[in-house]
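Fold and contact review
The chain contents come next:
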Amino acid sequence: MATVGILALQGDFEAHAKLLEGLGANPCEVRVPEDLDGLDALIIPGGESTVMTLGIEREGLAGPIRRLIDQGAPVLGTCAGMIMLDRDHLGALDISTRRNAFGRQLRSFEADVELAGVEGGPIHAVFIRAPWVSEHGSEVEVLGRVDQHPVAIRQGNVLAVSFHPELAGDARLHRLLLSSNGCGASPSRSGRPT
Ligand code: GLN
């Protein structure tokens, strides 16, 4: 059973945990660096990127998260999680993001987005004061767009989306994370509180 950490400083980590349980994985809340030990994968959820940045700084989590990513652990960032992974924050993705990019009138909306590599039709995506990718390097693969703007991208082991797949209850991106190379490779951490 794969143990998947969910950064739980702030934001909607519980919805991710429920989806992961439904897929037979073991979700584990991450608040301090020791919580990252032995994880098979990591989710950085949506929330407020400014608050999350302060929490990461306060707990000294940036270096340990970067190390986990550099070791090849599969990572999924959603909404503010995508922002946290960009050049200006954790620097795990060669992307720049624009916060609250869809403007005031469209602060929240839903859309069906076709994603390259995700079978079974478009994903029903919930966008809440969502960012988009404003610029990216050549290593970055764009998987989906809304109004021409990249809203789903992948670079190596890191997948990031501007929206909230967990709120629509679509588990396909979580399944993709669990089926990634390296997920489930480390010994399980039975007995850990979730
Ligand atoms: N607008 C938020 C930010 O800039 C992101 C919103 C979200 O994660 N739903 O951090």
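These figures come from a predicted structure and were not determined experimentally. (Residues numbered from 1 in each chain as written. Predicted model: local features only at pLDDT ≥ 70, side-chain atom pairs only at ≥ 80, totals over all residues. Heavy atoms only, no water.)

Structural notes on the site of the ligand
Quick note on the threshold: Working definition: residue near molecule or strand if any one of its non-hydrogen atoms lies within 4 Å of it. Pairing of N or O atoms within 3.5 Å defines a polar contact, subject to two protein rules: one partner must be a possible hydrogen donor and the other a possible acceptor, and residues neighboring in sequence count only if both atoms are side-chain atoms. Surface accessibility follows the Shrake-Rupley procedure with a 1.4 Å probe radius. Residue values consider only the protein chains on display as shielding. Asp, Glu, Lys and Arg are counted as charged, while Ala, Val, Leu, Ile, Met, Phe, Trp, Tyr, Cys and Pro are counted as nonpolar; the rest, among them Gly, fall into the polar class.
Looking at the ligand, the residues that line it are Gly46, Gly47, Glu48, Ser49, Cys79, Ala80, Ile83, Arg99, Asn100, Ile128, Arg129 and His164. At a separation of 2.6 Å, an oxygen atom of the ligand approaches a polar side-chain atom of Arg99. The protein chains hide 98% of the 300 Å² of surface that the ligand would expose on its own. Tallied by class, residues from the shell around the ligand come to four nonpolar, five polar and three charged.

Some words on the sheet that holds strand 9 (residues 141-146)
Convention followed: A pair of strands counts as paired when DSSP detects no fewer than two bridges linking them. Secondary structure follows DSSP: runs of H or I at least 4 residues long count as helices, runs of E at least 2 residues long count as strands, and numbering of each begins at the N terminus. Orientation is described by lines fitted to C-alpha atoms, with helices fitted over the stretch in contact, and by angles between N-to-C directions that extend from 0 to 180 degrees.
As summarised here, the arrangement of the seven strands in space is 2-1-3-4-11-10-9, forming an open sheet in which the pairing is mixed. Looking at strand neighbours, the two that pair on one side only are strand 2 (26-30) and strand 9, the edges of this open sheet. Each adjacent strand pair in this sheet contributes to an overall mean axis angle of 20°, direction not counted. Where strand 9 meets strand 10 (residues 149-155), five bridges bridge the pair, whose relative direction is antiparallel. By the bridge assignment for strand 10, Val142 is matched with Ile153.

Here we look at the packing of aromatic side chains
Each aromatic ring pair is summarised here by two numbers: the centre-to-centre distance and the angle between the ring planes. Let me state the cut-off plainly: The rule is short: rings of Phe, Tyr and Trp, with Trp giving its six-membered ring, pair when the centres are within 6.5 Å, and they are stacked under 30 degrees, edge-to-face over 60, tilted in between. Relative accessibility decides the category of a residue: with a 1.4 Å probe and only protein chains considered, values under 20% of the type maximum give buried, values over 50% give exposed, and everything between is partly exposed.
By the definition in use, this model includes five aromatic pairs. Taken together, a centroid distance of 5.0 Å and an interplanar angle of 65° make the contact between Phe102 and Phe109 edge-to-face. Each of the two residues, Phe102 as well as Phe109, counts as buried. With relative accessibility at 11%, the residue Phe102 sits in the buried group.

Quick notes on helix 1 (residues 13-22)
Selection rule: Each direction from the helix axis to a C-beta atom contributes to the arc, which is the arc of those directions. The contact criterion used is simple: two residues touch if any of their non-hydrogen atoms lie within 4.5 Å.
Of the positions making up helix 1, those classed as buried are Phe13, His16, Ala17, Leu19 and Leu20. Each buried residue of helix 1 sits inside an arc of 165° when the element is viewed along its axis, so together they form one side. Away from its buried face by more than 90 degrees, helix 1 exposes Glu14, Lys18 and Gly22. Where the residues of helix 1 are buried, they touch strand 1 (3-7), strand 2, strand 3 (41-44), strand 4 (75-78) and helix 5 (172-178). Of the residues trailing helix 1, Gly24 is marked for its positive phi of about 85°.

A look at the environment of Leu177
If you trace the backbone, Leu177 turns up in helix 5. On the basis of relative accessibility, which here comes to 2%, the residue Leu177 falls in the buried class. Considering only alpha carbons, one finds Leu177 and Val75, 102 residues apart in sequence, at a separation of 7.0 Å.

A look at the environment of Arg175
By secondary structure assignment, the location of Arg175 is in helix 5. The exposure class of Arg175 is partly exposed, given its relative accessible area of 48%. Taking C-alpha positions, Arg175 is 9.7 Å from Ala25, a pair spaced 150 residues apart along the chain.

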